[in-house]
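Each chain, letter by letter, is given below.
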Amino acid sequence: MTDTPEKSSEGPVYRVLLIEDDPGDALLVEELLHDTGMRFALTVRTTLAEARAELDSSPIDCILLDLHLPDVSGVDAVTAVRGLAPHTAVIVLTGLSEDRAGTEAMAAGAQDYLVKGKVEADLLRRALRYAVYRSRTERASAEAQATRLRAEENARLERGLLPQPMLDTSTVRVTSRYLPGGEMALLGGDFLDVVEGDDGLLHAVVGDVSGHGPAAAALGVCLRIAWRSLVLGGHRGDDLLRLMERILIAERDSQQLFATCTLLTLDQRSGTAVLHLAGHHEPLLTTAEGTREVSAEHGIALGIVPGECSWPSTVVPLPASGALTVYTDGLVEGHNGTKGERLGVEGLLTLIGNLPPAEPADHVDLLIKETQTLNAGRHSDDLAVLRLDWGDRPVLP
């Protein structure tokens with residue numbers, strides 16, 4: 001439903017719903033509307049029940065409401081109508097003897113009131129225009145407030161999904177990005193984190209909770225915080241994933257929710273990285289020769305088959321200088337820009353190979369920008385990207 005009158009070459013057409021059970025009063029209102037000189041489309045209903053059906057099926061700019069209907073009366077009528085159409089202008093029609101009815105109606109949410117028998121065309125025209133204007137202003141304010149609250153909530157959730165890395169002595173350079181997807185840029189369940197342990201090793205996680213919206217985002221934040229706490233508590237590998245799965249099962253509000261993730265432990269001294277893939281795809285390894293997908297064993301996503309606990313590890317030898325990039329599906333599930341097909345990992349590697357050399361942060365930003373350009377908004381999903389660079393200087397693909 002909209003509060004904006006229909007436009008025409010001769011000015012706006014006000015869509016008016018009159019809820020009035022007295023045929024004589026209804027006829028007088030229609031004549032007054034004609035006398036205003038305004039363009040209007042009038043619909044008359046005699047009960048609240050009939051009005052409900054009309055409001056459900058047709059856009060209305062202003063409701064003219066009699067306070068004495070067969071199925072509701074007084075302030076209750078105003079409350080009921082406001083409940084049915086909270087962003088539609090309401091003008092109450094009162095009787096000559098109802099001194100307080102108009103003010104009580106406005107206190108209940110009506111924009112204005114008119115006294116039957118004392119209404120003239122000019123007064124009705126001003127009241128209707130003002131009521132519609134005020135209603136539109138209230139709606140715009142409510143939408144702005146909702147947008148502001150949604151942005152604040154998204155910011156809080158994003159801080160939980162994309163925290164500051166906890167690094168002490170590590171020389172690994174961390175680049176992370178998170179972009180929400182979906183209508184109104186709602187956050188989903190993608191999350192990532194990086195922590196340096198007491199053993200001097202660098203531990204990282206990138207995960208993706210199925211679904212979108214606040215529930216998935218909240219679960220993603222929960223898993224991310226749990227991962228950090230468990231890593232700092234000394235848990236590693238399949239033991240860590242087992243505990244994360246228990247937390248997921250306890251915290252999810254639907255049996256359908258599950259999570260994929262990659263655990264990565266980088267040891268610069270030994271020149272190795274240990275990977276655990278829980279339903280997640282392999283990371284990318286960038287060396288002086290280029291970028292390729294790492295070959296690693298796969299385990300089951302968290303929450304799919306609780307208790308199976310099948311998460312084999314893979315040890316990946318690393319060059320003296322290089323980079324590992326871990327990402328969620330949002331980076332590769334978009335369209336490839338030419339054939340209407342998904343970009344996929346092969347398309348991503350081709351895209352990386354065609355990008356100009358750049359510093360790690362600039363390279364990640366450019367990569368995301370290029371994938372979004374190719375996708376052209378046809379597929380919308382959250383994406384999280386984590387790039388870890390080590391060595392004397394960054395390897396530029």
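Owing to the predicted nature of the structure, the values given are computational and were not obtained by experimental measurement. (Residues numbered from 1 in each chain as written. Predicted model: local features only at pLDDT ≥ 70, side-chain atom pairs only at ≥ 80, totals over all residues. Heavy atoms only, no water.)

Details of helix α3 (residues 75–84)
Among the residues of α3, those classed as buried are Ala77, Val78, Val81 and Arg82. End-on, the buried residues of α3 take up no more than an arc of 130°, which puts them together on one face. Of the exposed residues in α3, the ones pointing more than 90 degrees away from its buried face are Asp76 and Gly83. (Buried < 20%, exposed > 50% of the residue type's maximum accessible area, 1.4 Å probe, protein only. Helix = DSSP H or I, 4+ residues; strand = E, 2+ residues; numbered from the N terminus. Arc of directions from axis to C-beta.)

Digging into the UniProt feature "modified residue: 4-aspartylphosphate" (unreviewed entry) in the protein
Per the UniProt entry, the sites bearing "modified residue: 4-aspartylphosphate" (unreviewed entry) are Asp66 in this numbering. Positionally, Asp66 belongs in strand β3 (residues 62–66). For Asp66, a relative accessible area of 4% translates into the label buried. (UniProt positions renumbered as here; feature names shortened; annotations may be inferred.)

Some remarks on the pattern of salt bridges
One pass over the full model with this rule turns up 15 salt bridges. Note that Lys116 is salt-bridged to Asp25, the shortest N-O span being 3.1 Å. Remark: Asp25 occurs in helix α1 (residues 23–35) and Lys116 occurs in the loop between β5 (112–115) and α5 (121–161); sequence separation between them is 91 residues. Residue classification places Lys116 among the partly exposed positions, given a relative accessible area of 23%. (Salt bridge = Lys/Arg side-chain N within 4 Å of Asp/Glu carboxyl O.)

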